[in-house]
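A look at the structure
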2 protein chains.
Amino acid sequence: MARYTEHRTIEIKGMRASQFHISTAKETPNDAEIASHQLMLRAGLIRRLGSGLYSWLPLGLRVVRKIEAVVREEMNKAGALEVLMPSIQPSELWQESGRWEKFGPELLRLHDRHNREYCVGPTHEEVITDIARREIKSYRQLPLNFYQIQTKFRDEVRPRFGVMRAREFIMKDGYSFNLGAESLQQSFDQMHVAYCNVFDRMGLTYRAVEADSGSIGGAQSREFHVLADSGEDAVVYSTEGEYAANMEKAVAVSQGTRGEASQAMETIDTPGVHTITELATQLDIDESKCLKTLLVQGVETPVIALVLRGDHQLNEVKAEHLPEVASPLTMADAAAIKAAANCDAGSIGPVGLSIPVIADADAAKMSDFVCGANQNDKHLSGVNWDRDLPEPIVRDLRNVVEGDASPVGGGTLKIVRGIEVGHIFQLGDTYSQSMGASVLDENGKPQVMLMGCYGIGITRIAAAAIEQNNDDKGMIWPMAIAPFEAVICPINMVKSEAVKEAAEALYNELKEAGVDVLFDDRPLRPGAMFADMELIGIPHRFVVSDKLLANNEIEYRDRTAAESVIIPRADVLSKIV
Amino acid sequence: MARYTEHRTIEIKGMRASQFHISTAKETPNDAEIASHQLMLRAGLIRRLGSGLYSWLPLGLRVVRKIEAVVREEMNKAGALEVLMPSIQPSELWQESGRWEKFGPELLRLHDRHNREYCVGPTHEEVITDIARREIKSYRQLPLNFYQIQTKFRDEVRPRFGVMRAREFIMKDGYSFNLGAESLQQSFDQMHVAYCNVFDRMGLTYRAVEADSGSIGGAQSREFHVLADSGEDAVVYSTEGEYAANMEKAVAVSQGTRGEASQAMETIDTPGVHTITELATQLDIDESKCLKTLLVQGVETPVIALVLRGDHQLNEVKAEHLPEVASPLTMADAAAIKAAANCDAGSIGPVGLSIPVIADADAAKMSDFVCGANQNDKHLSGVNWDRDLPEPIVRDLRNVVEGDASPVGGGTLKIVRGIEVGHIFQLGDTYSQSMGASVLDENGKPQVMLMGCYGIGITRIAAAAIEQNNDDKGMIWPMAIAPFEAVICPINMVKSEAVKEAAEALYNELKEAGVDVLFDDRPLRPGAMFADMELIGIPHRFVVSDKLLANNEIEYRDRTAAESVIIPRADVLSKIV
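Residues numbered from 1 in each chain as written. Chains lettered and ligands numbered in written order. Predicted model: local features only at pLDDT ≥ 70, side-chain atom pairs only at ≥ 80, totals over all residues. Heavy atoms only, no water.

1. Description of the pattern of salt bridges
What the rule picks out here adds up to 80 salt bridges over all chains. Between Glu74 of chain A and Arg201 of chain A there is a salt bridge, with its nearest N and O atoms 2.6 Å apart. Of this pair, Glu74 of chain A sits in helix 3 (residues 58-77) while Arg201 of chain A sits in helix 7 (residues 181-201), and the two are 127 residues apart along the sequence. Residue classification places Arg201 of chain A among the buried positions, given a relative accessible area of 14%. Two residues, Arg522 of chain A and Asp520 of chain A, come together in a salt bridge whose shortest N-O distance is 2.8 Å. Each member of the pair, Arg522 of chain A as well as Asp520 of chain A, is classed as buried. What emerges from the salt-bridge pattern is a single network uniting Arg65 and Glu68 of chain A together with Arg72 and Glu82 of chain B. (Salt bridge = Lys/Arg side-chain N within 4 Å of Asp/Glu carboxyl O. Helix = DSSP H or I, 4+ residues; strand = E, 2+ residues; numbered from the N terminus. Buried < 20%, exposed > 50% of the residue type's maximum accessible area, 1.4 Å probe, protein only.)

In structure tokens, the structure reads:
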């Protein structure tokens with residue numbers, strides 16, 4: 001066996017703290033706003049080099065490498081093939097796809113010594129499509145799914161939150177090439193399963209949610225969010241069934257029917273009232289009895305009125321998808337409002353307007369409502385559709401709220417905060433068409449390939465895992481991505497030869513069992529050592545002391561448990577493996 | 001065990017060719033000059049994206065990942081700690097070290113959206129020194145050795161030879177921090193051993209050679225060369241003992257003594273003679289009887305004469321280290337030659353010159369020699385040191401030649417071609433001094449840290465391994481870095497269920513034994529399949545056919561063997577593991 005095994009790579013499990021570089025700090029850095037950023041700096045996982053640029057110290061890089069390994073294995077299992085494309089990309093390809101002009105200042109552009117233009121790759125659709133159009137000639141080679149794990153750069157205008165929104169970061173980006181929509185859907189579904197496997201294995205609580213597919217009609221788009229209160233995104237899911245979507249995409253279900261008109265329409269004085277809250281307060285009614293009117297327009301479309309129930313929020317993505325708007329959406333300015341409604345923004349209402357009125361489904365079910373009178377300092381009360389103004393065009397315009405009925409499969413909607421760590425998306429022929437990536441089909445005829453793209457934010461996962469799993473003592477790593485799986489803390493090893501021997505023996509035993517174990521052999525007081533290890537968030541802690549040894553025992557603490565427990569020495573392995 | 005193992009990463013061994021992307025070509029690409037570049041393109045390991053920019057296809061990336069894994073493990077074993085620094089580096093750090101101005105156009109500079117200056121890192125001395133000066137405060141933390149495996153960019157004026165001299169490439173760069181020269185030497189020696197382990201494990205024939213340390217006097221510098229006839233560098237080693245050096249550094253040993261003067265000095269006519277070869281031919285003597293005189297100068301030093309035996313070559317690095325020159329060295333121009341010797345370049349000689357004459361040791365031992373007469377179309381014969389001109393200053397000025405005595409430990413020198421794949425170097429305080437990286441020593445006094453730097457060209461190793469190991473059929477990979485370790489080639493599997501079953505069984509058996517095996521299940525003729533696998537260079541090939549199955553046999557071929565052999569089915573594993 002020797003000839004074969006001697007060249008194999010065997011990852012070294014285990015490390016002595018004295019030979020590692022542990023660099024913790026008690027103070028919370030004052031330029032770090034969120035828990036993960038603070039803790040990663042305090043625990044010495046990362047160091048800032050410049051705006052949005054971070055070095056990964058040994059402790060942090062262990063986390064990154066474990067995340068990469070899980071992703072790589074699940075991609076391989078799903079039949080994706082790993083490649084590696086250059087980071088520096090020639091501008092010519094981006095000109096072919098049309099993105100050299102369209103991509104904003106996030107694209108870091110540069111010139112080489114011969115004054116040729118390049119960018120530092122923020123994503124690789126152009127490069128992979130260029131490879132595919134040269135490599136793939138026949139339908140027989142399809143489907144193919146390539147991925148890479150690579151450093152990207154996006155020149156964020158305001159990088160923040162440490163590696164959560166850094167300029168340089170590591171991504172897994174994958175691209176499938178398919179003949180026909182059905183094959184694309186299969187690749188997409190495979191990636192969905194693989195992504196679930198990735199986040200399941202990492203021990204993270206997450207949701208896969210439907211997302212808006214932008215301008216590509218009908219294409220599927222799904223985001224993977226790690227749930228955390230600090231998350232920037234609102235994630236919607238149903239208490240029953242599978243339904244989940246991001247806020248942009250979540251479908252609002254309107255329930256109930258319109259009540260009968262019971263009041264006469266009257267004009268009321270509302271001096272100084274400009275908002276729904278002010279209106280409801282002054283009239284002492286619920287905001288849900290007020291109608292909110294917003295005047296909007298697209299780039300080349302005229303001003304229209306969108307109306308919502310007073311307690312509802314406009315969903316701008318839904319509004320942009322209205323054929324009457326066409327994205328991007330802008331709010332009408334004061335002059336446009338004056339021209340359309342003859343008043344200021346706080347007094348608009350749909351009665352008597354000569355522009356199209358589009359109502360959210362819930363707004364269309366209101367009766368005896370209050371709305372602006374299109375006259376400053378005046379509102380109308382007792383207003384009713386059909387009687388006082390024409391029936392509106394009815395659409396889903398609002399953000400869902402907690403308790404809304406699920407649009408699919410029963411249950412009601414819940415809203416939680418999430419951090420987007422993955423996105424799978426059907427690109428269709430967006431790139432393959434413009435860049436001419438086609439194959440010969442079974443009949444020998446050229447067919448443009450369809451593409452899917454599949455991204456995972458490797459370094460962002462590290463931050464998201466911390467946002468989800470931390471307490472006042474520090475980070476709490478899930479096993480699969482912990483920098484170390486277990487730590488041995490010997491008490492007063494400098495003075496006790498027995499403790500030293502027992503700790504060394506335990507270290508060897510855990511290493512041999514394949515546990516990635518840290519032996520904290522630094523000459524530290526127990527309190528300082530424990531604080532370091534809790535800050536670093538190692539899942540399993542084993543304490544060795546003279547007192548414990550006398551009873552052949554070990555003190556064990558699960559990082560998630562409230563208390564440590566005394567266990568027989570023989571039970572150590574059973575706590576981990 | 002399940003709870004523990006389910007989150008572990010287990011690399012998948014084995015791949016079906018039908019589910020892989022094999023993209024071979026028969027034609028040698030006409031823009032590829034050397035074997036490795038041609039073969040990497042033909043076998044589908046890499047694809048060109050732009051000048052000096054290559055994508056790694058799945059087959060090639062498997063090689064890169066295996067090289068990385070060997071390097072990573074040996075670095076970890078040697079106690080080095082892996083980090084990852086940003087690729088994009090702020091110019092401020094380079095200004096601190098003084099390299100922002102000094103580094104030439106190979107440094108790819110760019111501006112971000114806020115017009116701040118950065119470069120794409122070609123190396124990371126500045127960044128690691130910045131980290132060290134903030135992280136390392138006490139001598140107790142030393143020594144420390146950090147490394148990373150990362151994509152670098154050097155804007156080569158003329159990228160060529162594929163990934164051998166690409167602009168974007170992967171390097172392992174490591175940096176040690178030490179207190180005192182002795183500690184630095186220890187780190188350096190550890191890295192020397194680790195580098196030898198790396199190249200030993202990869203199964204490459206290589207030499208570790210002394211290299212010139214440039215302007216840092218006394219610092220050690222050692223290069224690791226993979227030997228290959230196509231190598232750009234000349235590597236010198238002794239037939240006995242350990243001595244090895246690159247050509248720049250190799251010490252020339254002068255043997256024998258000066259003969260007695262037996263001829264009178266005479267001026268001879270040599271019309272049209274401008275070179276040593278012409279001189280030796282016209283006089284029908286050996287070039288070693290002629291003396292070569294070169295006039296050189298440093299940037300701010302006057303012209304001096306360097307003389308060598310006619311058959312010897314000037315070693316410019318040695319000349320640059322002369323105190324009389326001071327680098328960089330330039331050859332005197334025609335005007336300077338005229339002023340110093342009153343003739344043209346082809347007729348200079350040391351007799352009667354009024355500038356310093358420095359002779360190589362072998363030139364100083366010549367007697368009755370021929371040299372230029374400092375008069376066009378004239379030479380002097382029968383010249384003797386001391387009698388006809390003063391004894392020169394004697395120095396080692398020449399390149400060594402095959403058969404020279406080794407300067408250390410006996411034996412004679414051999415010269416072979418090599419490809420530089422690694423370099424370890426004692427930086428001393430070059431960066432730590434200018435960037436203020438110091439620690440408190442045992443007495444509480446600040447001491448500037450010393451640094452070593454240690455590089456390995458990961459992607460270049462792939463090319464160098466091919467240059468060293470190939471034949472007319474293709475690449476011949478060493479086991480440790482082969483894209484696959486073994487391949488199963490079934491004959492006519494489409495028609496024979498027995499072959500299919502036997503091949504599948506063998507595939508499973510090899511996978512279970514941990515062999516990284518390719519199952520070539522493509523519907524190809526045997527000839528085409530064998531040609532592909534020989535081109536790709538998989539070390540072990542197993543052929544399954546109905547005929548072989550009848551005798552319970554397998555055809556086995558070691559890629560390095562001249563012939564295949566028939567072996568009992570039961571012996572398959574013994575050929576690999």
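Next comes the rest of the account.
2. Side note on the pairing of strand 28 (residues 486-490) of chain B
Residues and elements named next belong to chain B. Extensive coverage of strand 28 is indicated by the burial of five of its five residues. The alternating pattern of strand 28 places Ala486, Ile488 and Pro490 and Val487 and Cys489 on opposite faces, both of which are buried. Here three bridges tie strand 28 to strand 29 (residues 517-519), and the two strands are oriented parallel to one another. Its bridge partner lying in strand 29, Val487 is registered against Leu518. Each parallel crossover has a hand, and for strand 28 linked through helix 14 (residues 497-512) to strand 29 it is right-handed. As judged from the five bridges shared by strand 28 and strand 30 (residues 540-544), these two strands associate in the parallel manner. From the neighbouring strand, Val487 faces strand 30, where its bridge partner is Arg541. (Pairing = 2+ DSSP bridges. Right-handed = clockwise from strand over helix to strand, strands pointing away.)

3. What to know about the packing of helix 3 of chain A against helix 7 of chain A
Residue and element names in this part refer to chain A. Packing of helix 3 against helix 7 brings their axes to within 9 Å, and their N-to-C directions diverge by 150°. Our classification of the angle between helix 3 and helix 7 gives roughly antiparallel. Judged by the sense of rotation from one axis to the other, the crossing of helix 3 with helix 7 is right-handed. Residues Val70, Val71, Glu73, Glu74, Met75 and Lys77 of helix 3 form the contact with helix 7, whose own contacting residues are Met191, Ala194, Tyr195, Asn197, Val198 and Arg201. (Axes fitted to C-alpha atoms, helices over the stretch in contact; angles between N-to-C directions. Parallel < 35°, antiparallel > 145°, perpendicular 65-115°, else oblique. Left-handed = near helix turned anticlockwise from the far one by under 90°. Contact = heavy atoms within 4.5 Å.)

4. Topic: the relation of the copies chain A and chain B
Turning chain A through 180° and shifting it by 0.1 Å along the axis lays it on chain B, with an RMSD of 0.1 Å. Such a combination of rotation and displacement between the chain copies is what one expects of a two-fold axis. In terms of C-alpha distance to the rotation axis, chain A has Leu110 of chain A as its closest residue, with the C-alpha 2.8 Å off the axis. With an isologous cut-off of 70% or more, the 100% of interface residues of chain A that recur at the interface of chain B puts this contact in the isologous class. (Least-squares fit on C-alpha atoms with pLDDT ≥ 70 in both.)

5. A look at the environment of Pro159 of chain A
All names here are of chain A. Along the chain, the position of Pro159 falls in the loop between strand 8 (144-153) and strand 9 (168-178). Sequence-wise, Pro159 and Gly52 are 107 residues apart; in three dimensions their C-alpha atoms are separated by 5.1 Å. Apart from the residues within four sequence positions on either side, Pro159 is in contact with Ser51, Gly52, Arg165 and Arg167.

6. Digging into the packing of helix 2 (residues 35-42) of chain A against helix 12 (residues 458-468) of chain A
All names here are of chain A. Their axes nearest at 8 Å, the elements helix 2 and helix 12 cross at an angle of 105°. Here helix 12 runs roughly perpendicular to helix 2, going by the angle between their axes. The segment helix 2 lies against helix 12, with Ala35, Ser36, His37, Leu39 and Met40 engaging Ala462, Ala463, Ile466 and Glu467.

7. Observations concerning empty space enclosed by the protein
Residue and element names in this part refer to chain A. Going through the model one piece at a time under the given rule, you end up with four cavities of 30 Å³ or more. Tyr54, Trp56, Glu168, Phe169 and Ile170 are the residues nearest the centre of the largest cavity, which is lined by 13 residues in total. For the lining of the largest cavity, the secondary-structure elements that each account for two or more residues are strand 3 (53-56) and strand 9. Counting residues per element, the lining of the largest cavity draws most heavily on strand 9, which supplies three residues. (1 Å grid on protein atoms, 1.4 Å probe; cavity = no way out; pocket = protein on both sides within 12 Å on 5 of 7 lines; lining within 4 Å. Points joined across faces, edges and corners; volume = space filled by probe spheres on them.)

8. Some points on the interface of chain A and chain B
Between chain A and chain B, the residue contacts involve 84 residues of the former and 84 residues of the latter. For the pair chain A and chain B, the two sides together bury roughly 6600 Å², of which 58% comes from carbon and sulfur. For the interface between chain A and chain B, the tally reads six salt bridges. In this structure, the salt-bridge partner of Arg65 of chain A is Glu82 of chain B, at a minimum N-O distance of 2.8 Å. In this assembly, chain A and chain B are joined by 24 residue pairs in polar contact (both at pLDDT 80 or more). Grouping the constituent residues of the side of chain A that touches chain B by class yields 42 nonpolar, 15 polar and 27 charged. (Buried area = accessible area lost by both parts, 1.4 Å probe. Polar contact = N/O pair within 3.5 Å; in protein donor to acceptor, adjacent residues only side chain to side chain. Nonpolar A, V, L, I, M, F, W, Y, C, P; charged D, E, K, R; others polar.)

9. Quick notes on the confidence of the model for chain A
Mean pLDDT over chain A works out to 94, with 97% of the residues at or above the 70 mark. This model gives residues 1-10 of chain A a pLDDT under 50, and the stretch forms 27 contacts once residues within four places in sequence are excluded. (pLDDT = per-residue confidence, 0-100.)

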